[in-house]
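Below are the chains, spelled out letter by letter.
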Amino acid sequence: MKGVPETDMLYDGGRKTMITDEEFLRIAAYMKSHYGIDLGQKKVIMNGRLENRIKAGGWGTFNNFMDAMEKDQSGKLEKELVNQLTTNYTYFMREFEHFEFFKSQVLPWAKKKAEKTKDLRVWCGAASTGEEPYMIAMVLKDFFGLEHNSWDTKVLATDVSTKALQRAVAGTYEEEALKDMPDQWKRHFFQKPVAGRYTVTNELKQEVLFRQFNLMSPFPFKKKMHTVFLRNVMIYFDSKTKQELLQKVYDCLEPGGYLFIGMTETLDRTQTPYQIIQPSIFRKRE
């Protein structure tokens, strides 16, 4: 449009509401400084995800929404912003090679390491809608077998999105989400399907502790972790934020502890303190 700065336009009947470059940069800067999420190239996505909420709330402009959010002491609007702008794409059996390695290599080491306390600590730092932490809990159940009841193997599962965590806690999934899962696991870890939807058993739900957590915050752990799964989340961070997060994870690991990242993600081999086991599996030196 001649004479108008580059914008993405929202249509509300015949009236146009536009996200300006200044509004886009304001929201992007907020997400970067508070959550480490880099949306600098995601203007169209930001527009698409926020437009309906801004129109429904009667704010009129993106700046009006941000002004209201920053004054909202309840934190509700900030949660809405984060829920709208974070992606929670995952599925059961994703990158299953990691779980095979976890069972065959990591758990025998961790079991020996924690044999006196029987306290095995695993953190899933990007829990999304729950598929990954439930998968970890299934593998733990399989590995420990009859010994499981004498161990504390609860999985800590965190995510920045409260909306995703609500779905994770409910633990109900469409049949399509389980299409690659072995039938034995479906029978053992899920209730009988109702209208094509599977719900995680209460027994398995008790093995996962879901909490809202911002990875940019100081880590609150009193004890060090044996394993951290931080898969497919650092793609949203710039290199500096990523490096700082990786150092925080390193510091929270037991000596010899393992870190799993997404198979399409990379670490700078020249700067990482981790021992590289495989391209997406790393270990803290003992």
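Residues numbered from 1 in each chain as written. Predicted model: local features only at pLDDT ≥ 70, side-chain atom pairs only at ≥ 80, totals over all residues. Heavy atoms only, no water.

## Considerations on the side chain of His-226
Positionally, His-226 belongs in strand S8 (residues 225-230). Non-local contacts of His-226, meaning those with residues more than four positions away in its chain, are made with Trp-109, Ala-110, Lys-113, Ala-114, Asp-119, Leu-120, Arg-121, Leu-253, Glu-254, Gly-257 and Tyr-258. (Helix = DSSP H or I, 4+ residues; strand = E, 2+ residues; numbered from the N terminus. Contact = heavy atoms within 4.5 Å.)

## Overview of the pattern of salt bridges
The full count for this structure, using the stated rule, is 16 salt bridges. The salt bridge partner of Asp-238 is Lys-32, with a shortest N-O separation of 2.5 Å. Of the two residues, Asp-238 sits in the loop between S8 and helix H10 (239-252) while Lys-32 sits in helix H1 (residues 21-35), which places them 206 residues apart along the sequence. Exposure remark for Asp-238: the relative accessible area of 22% places this residue in the partly exposed category. Relative accessible area serves as the criterion here: at 29%, Lys-32 is assigned to the partly exposed category. Across the pair Arg-283 and Glu-286 runs a salt bridge, and its minimum N-O distance is 3.4 Å. Classification of Glu-286 by relative accessible area gives exposed; the value is 66%. Among the charged side chains, a network of salt bridges with common partners joins Asp-119, Arg-121, Lys-223 and Glu-254. (Salt bridge = Lys/Arg side-chain N within 4 Å of Asp/Glu carboxyl O. Buried < 20%, exposed > 50% of the residue type's maximum accessible area, 1.4 Å probe, protein only.)

## Examining the packing of H1 against helix H2 (residues 43-57)
Where H1 meets H2, the closest approach of the two axes is 11 Å, and the angle between their N-to-C directions is 85 degrees. By the angle between their axes, H1 is roughly perpendicular relative to H2. Contact residues: H1 offers Asp-21, Phe-24, Ile-27 and Ala-28, while H2 offers Lys-43, Met-46 and Leu-50. By residue class, the composition of the contact of H1 with H2 is five nonpolar, no polar and two charged. (Axes fitted to C-alpha atoms, helices over the stretch in contact; angles between N-to-C directions. Parallel < 35°, antiparallel > 145°, perpendicular 65-115°, else oblique. Nonpolar A, V, L, I, M, F, W, Y, C, P; charged D, E, K, R; others polar.)

## Let's talk about the packing of aromatic side chains
Summed over the entire model, instances satisfying the criterion amount to 21 aromatic pairs. Considering the side-chain rings of Tyr-134 and Phe-210, the 5.5 Å spacing of their centres and the 70 degrees angle between planes classify their relative orientation as edge-to-face. Of this pair, Tyr-134 sits in helix H6 (residues 131-144) while Phe-210 sits in strand S7 (residues 208-212), placing them 76 residues apart in sequence. Directly above the ring of Tyr-250 sits Lys-284, whose terminal nitrogen or CZ lies 5.1 Å from the centroid. (Phe/Tyr/Trp six-rings, centres within 6.5 Å; stacked < 30°, edge-to-face > 60°. Lys NZ or Arg CZ within 6 Å of the ring centre and 35° of its normal.)

## Some remarks on the sheet that holds strand S9 (residues 253-261)
Taking strand neighbours across the sheet as the criterion, the seven strands line up as S7-S4-S3-S8-S9-S11-S10 in an open arrangement whose pairing is mixed. Taken across any chain shown, the strands that pair with only one partner, and hence form the sheet edges, are S7 and strand S10 (275-278). Within this sheet the neighbouring strands show an average axis-to-axis angle of 20 degrees, counted without direction. As paired elements, strand S3 (residues 122-124) and S8 share three bridges and run parallel to each other. Residue pairing across strands places Val-122 opposite Thr-227, the latter belonging to S8. (Pairing = 2+ DSSP bridges.)

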